[in-house]
Amino acid sequence: QESRGTAMDEKKRPKEGLIAVIGDEDTVTGFLLAGVGQRDQRGNSNFLVVDQNTKRAKISNAFKEFTTRNDVSIVLVTQDIATDIRKEIDEHDAVIPTVLEIPSKAVKYDKSKDVIVRRVYRLLGKDLDEEVHKEKMKGRM
């Protein structure tokens, strides 16, 4: 496994990095309208629009590209798509770029699947699965 986040890598990284987005058309379009989009001279961009015809390999390759670029500080992935590349997300352990799972319009956000939320619960010594179960039971009452 390659080492990331070394002092040398941090020196190469600009102080203000890009936000990369992997998501459905509505989500990506929203971020592009907010000014997040970027395309370089070679046609490389910091976003990927995913639809039902997008192959898992293309999503995985985009995620790997975004998480290894020195100009990207945050990678946003809609949670439904994050589920498709869970292995790659779980293997990403660098602080920068930070990978954040965000809700999509089509699928309700599930905090029990979010890697960052799981890490926070673990750091606090709490059991996320137990907490989610309690919330579900509370909702039934």
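This one's a predicted model, so the numbers in the text were calculated from it and none came from an experiment.

A. Focus on the overall build of the protein. The number of helices and strands found in the protein is seven helices and four strands. Taken across its 141 residues, the protein has 35% of its residues classed as buried. Put simply, of all contacts in the protein between residues at least 6 apart along the chain, 61% involve residues at least 24 apart.

B. Here's a closer look at the side chain of Ser45. Its location among the elements puts Ser45 in the loop between helix H2 (25-33) and strand E2 (47-49). Within the structure, the side chain of Ser45 is placed 3.2 Å from the backbone oxygen of Phe47, a separation counted as a polar contact. Ser45 has contacts with Gln38, Arg39, Glu65, Phe66 and Arg69, leaving out every residue within four places of it along the chain.

C. The arrangement of the side chain of Gln79 in detail. With respect to the secondary-structure elements, Gln79 resides in helix H4 (residues 79-84). Among residues more than four places away in sequence, those in contact with Gln79 are Glu101, Ile102, Lys108, Tyr109, Asp110, Lys113 and Asp114.

D. Molecular detail of unusual backbone geometry. The peptide bond linking Ile96 to Pro97 adopts the cis configuration, its omega dihedral lying at 0°. As for its position among the elements, Pro97 is in the loop between helix H5 (86-91) and strand E4 (98-102).

E. View of the pattern of salt bridges. Per the counting criterion, the structure on display carries seven salt bridges. A salt bridge links Asp40 to Arg42, with the nearest nitrogen and oxygen atoms 3.8 Å apart. Arg42 sits in the exposed class, given a relative accessible area of 70%.

The rules we used
Residues numbered from 1 in each chain as written. Predicted model: local features only at pLDDT ≥ 70, side-chain atom pairs only at ≥ 80, totals over all residues. Heavy atoms only, no water. Helix = DSSP H or I, 4+ residues; strand = E, 2+ residues; numbered from the N terminus. Buried < 20%, exposed > 50% of the residue type's maximum accessible area, 1.4 Å probe, protein only. Contact = heavy atoms within 4.5 Å. Polar contact = N/O pair within 3.5 Å; in protein donor to acceptor, adjacent residues only side chain to side chain. Salt bridge = Lys/Arg side-chain N within 4 Å of Asp/Glu carboxyl O.

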